[in-house]
Amino acid sequence: MADNPSKALRVILFPLPFQGHINPMIQLANILHSNGFEISILHHQYNSPDPSKNPHFSFHVIPGGLSELQSFQGDTLALFRFLNFDCIGPIRDCLGKLLSTHDHIACMITDANMYNSQAAVEDLGIPRIVLRTTSLCSFLAFATLPVLREKGFYSDDLDSRMEDPVLELPPFRVKDLRAIYIKSLDDTMKSISTIVQGTKTASALIFNTFQDLEEPDLANLREHFPLPTFLIGPFHKFFSAESSSYLTQDRSSISWLDTQELNSVLYVSFGSGATMDQKNAREMAWCLADTKQPFLWVVRPGLVQGSEWLEWLPNEFVEVISQRGYIIKWAPQQEVLSHPSVGGFWTHSGWNSVLESICEGVPMICSSFSGDQHVNSRYVSDAWRLGIKLEKGFEREEMESAIRKIMVDGEGQEIRERALRLKEKIQGFSSQSLNALSDLIVSFKSSRV
Ligand code: UDP
């Protein structure tokens, strides 16, 4: 290790306190640690990671308003604004303390949505790198929305043309990008502009994605974000998300999968934050029952509004489950997706889930609930052709047809073959890009001493 110049350097990382943001940040921390860096994790007290699962890091809690945080559920951008406002003082204090006790801090890496941290690090004289935990294509789509707005994209004229293509941003349809904004258009655009600006002023940008997948959009990204950019995903091929899961993974699902036939099971999971109403949940249940396909369904407590867990489920459905379904609260998702019995993944199109599915060559059925999920699902179906996007929400006929196409008909097999070809190109994370990132981090410190 003596000849590794990065050994003594420390990197501080701050994830947003949500599963889909914590997982990639902790995975990135592990990747950097295995490359010789010391790691400090600053984290919110909400959804705190368990330090005992990563004892090689130092953890520092950032106190914050818990009740306010919970009251913003469903309005992600308002939640991000609150976190930026609420956490900035404590982050600055914590950074100040770390700087006074460690003389070898190289930089801070924060989630792209923590734009206010830029001011804090600038005051303290350390560089900030942004980790974008979503796809590159969705980041570009978000960054282009204010420009589209100026061109009249949100005018009433387009209200009746939701299925039309967005010519400036293929393969999107008007409805995909219209679905991104929440509540107030002005607030949404302001938040997006602030996040984009906060990214442009950072010292570098990291994506949890890989070049073979997102190459076509890379030139466009470099034109609009002329800062050092590193595509070093998929992180989970190097470090599993298990150590940062704040829900207990039910491992009985793996024993159940062991009893099923090859490629026969549809895995259904909508991630850590999505919620749905009871009517849609029941439609899904009946659709799973009618298609007669074995299924493993993650019903996270809180997924179905107004219920603790499965109270909304009709009794007749429970009989179906005993024959060919298995319902759990939270899965060891990576292991499930790599299990030979799993033949399809009905996902909410969160970026980590999409990436994990792509890496295992599993065809997808894509629902989408909010934000980048609308963008990811369009790319999965129309650009990468690795799945089918449900265009009508939870409409029975469309859901059943998608399940048949993916699990029974030739379309699923074609998608699987395409996905497997892509899977072969993934070599873990890109070591060339990672080495370049390590060199940049080392250069930050040497330019300041
Ligand atoms: N996940 C899991 N078990 C589950 C469902 C999800 O471990 O039953 C993990 C999944 O592997 C992924 C993360 O939770 O790493 C979800 O992130 P994603 O970006 O897909 O969605 P979000 O939760 O942010 O909406």
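In the block above lies the structure referred to throughout.
First things first, this report covers the structure right here in the doc. Everything quoted here is computed from the prediction, not taken from an experiment. (Residues numbered from 1 in each chain as written. Predicted model: local features only at pLDDT ≥ 70, side-chain atom pairs only at ≥ 80, totals over all residues. Heavy atoms only, no water.)

**What about the overall build of the protein chain?**
Helix and strand counts for the protein chain stand at 17 helices and 13 strands. Principal-axis analysis of the C-alpha atoms places the extent of the protein chain at approximately 65 × 55 × 45 Å. Carbon together with sulfur atoms contributes 50% to the accessible area of the protein chain, which is approximately 18200 Å² in total. Distance between charge centroids for the protein chain: 1 Å, based on 40 positive and 53 negative side chains. (Helix = DSSP H or I, 4+ residues; strand = E, 2+ residues; numbered from the N terminus. Areas by Shrake-Rupley, 256 points an atom, 1.4 Å probe, with all protein chains shown as cover. Lys, Arg positive; Asp, Glu negative; His and termini not counted. Charge placed at Lys NZ, Arg CZ, Asp CG, Glu CD.)

**Some words on the side chain of S40**
Along the polypeptide, S40 turns up in strand β2 (residues 38–44). The class of S40 is buried, set by a relative accessible area of 0%. At a separation of 3.1 Å, a polar atom in the side chain of S40 contacts the side chain of S58. Beyond its immediate sequence surroundings of up to four residues, S40 is in contact with R10, V11, I12, L13, S58, H60 and L98. (Buried < 20%, exposed > 50% of the residue type's maximum accessible area, 1.4 Å probe, protein only. Polar contact = N/O pair within 3.5 Å; in protein donor to acceptor, adjacent residues only side chain to side chain. Contact = heavy atoms within 4.5 Å.)

**Comments concerning a negative patch on the surface**
A cluster of like negative charges, contributed by D409, E411, E414 and E417, occupies part of the molecular surface. Structurally, D409 can be placed in the loop between α15 (396–407) and α16 (410–425). (Patch = residues over 30% accessible without salt bridge, like charges linked within 9 Å, V, L, I, M, F, W, Y side chains within 5 Å. Salt bridge = Lys/Arg side-chain N within 4 Å of Asp/Glu carboxyl O.)

**Section: the packing of aromatic side chains**
As enumerated under the stated definition, the model contains 19 aromatic pairs in all. Each ring, one from W256 and one from Y326, has its centre 5.5 Å from the other, and the planes form 10 degrees; the classification is stacked. Of this pair, W256 sits in helix α9 (residues 252–258) while Y326 sits in strand β10 (residues 325–328), placing them 70 residues apart in sequence. Given the relative accessible area of 14%, W256 is considered buried. Members of the aromatic cluster, each reached through a chain of ring pairs, are W286, F295, W297, W312 and F317. Sitting over the face of the ring of F142, R132 holds its NZ or CZ atom 6.0 Å from the ring centroid. The side chain of K329 reaches across the aromatic face of W309, ending 4.8 Å from its centre. (Phe/Tyr/Trp six-rings, centres within 6.5 Å; stacked < 30°, edge-to-face > 60°. Lys NZ or Arg CZ within 6 Å of the ring centre and 35° of its normal.)

**As for helix α1 (residues 19–34)**
Under the 1.5 Å per step criterion, the end-to-end length of α1 is 22 Å for 16 residues, consistent within 8% with the ideal 22 Å. Directly beyond the C-terminal end of α1, a positive phi value near 105 degrees is found at G36. (Expected span 1.5 Å × (residues − 1).)

**Quick look at the pattern of salt bridges**
A full pass over the atoms with the stated rule returns 20 salt bridges. A salt bridge links D159 to R178; the nearest nitrogen and oxygen atoms lie 2.9 Å apart. Note that D159 is positioned in the loop between α5 (136–150) and α6 (174–178) and R178 in helix α6, a separation of 19 residues in sequence. When its relative accessible area of 41% is taken as the criterion, D159 is described as partly exposed. Overall, R178 belongs to the buried group, its relative accessible area being 11%.

**With respect to the sheet that holds strand β11 (residues 342–347)**
Sheet strands line up and pair through hydrogen bonds in the backbone, either parallel or antiparallel. Pairing is parallel across the open sheet formed by six strands, whose spatial order is β10-β9-β8-β11-β12-β13. Every other strand in the sheet has two partners, leaving β10 and β13 (387–389) as the edge strands with one partner each. Each neighbouring strand pair of the sheet contributes to a mean axis angle of 15 degrees, computed without reference to strand direction. Note that strand β9 (residues 295–298) and β10 share four bridges and pair parallel. (Pairing = 2+ DSSP bridges. Axes fitted to C-alpha atoms, helices over the stretch in contact; angles between N-to-C directions.)

**Section: the nonpolar core**
Membership of the largest hydrophobic core comes to 64 residues, with the highest contact counts inside it found for L177, Y267, I358 and W384. When residues of this core are assigned to their parent elements, the largest contribution, nine residues, is made by α5. Not counting residues within four places of it along the chain, the set of residues in contact with Y267 comprises L296, V298, A331, Q333, V336, L337, V342, G344, F345 and W346. Among the nonpolar cores identified, the runner-up in size contains 33 residues, and A274, V320, I327 and I403 belong to it. (Core = buried A, V, L, I, M, F, W, Y, C linked by side-chain atoms within 4.5 Å.)

**Some details on the pairing of strand β4 (residues 105–111)**
Each regular strand carries side chains that alternate between the two faces of the sheet. Extensive coverage of β4 is indicated by the burial of seven of its seven residues. Where strand β1 (residues 10–14) lies against β4, five bridges are found, and the strand directions are parallel. The residue bridging L13 from the neighbouring strand is I109, located in β4. Here four bridges tie β4 to strand β5 (residues 128–132), and the two strands are oriented parallel to one another. Note on β5: the bridge partner recorded for D111 is L131. Crossover connection from β4 via helix α4 (residues 117–124) to parallel β5: handedness right-handed. (Right-handed = clockwise from strand over helix to strand, strands pointing away.)

None of this, on its own, says anything about what the molecule does.
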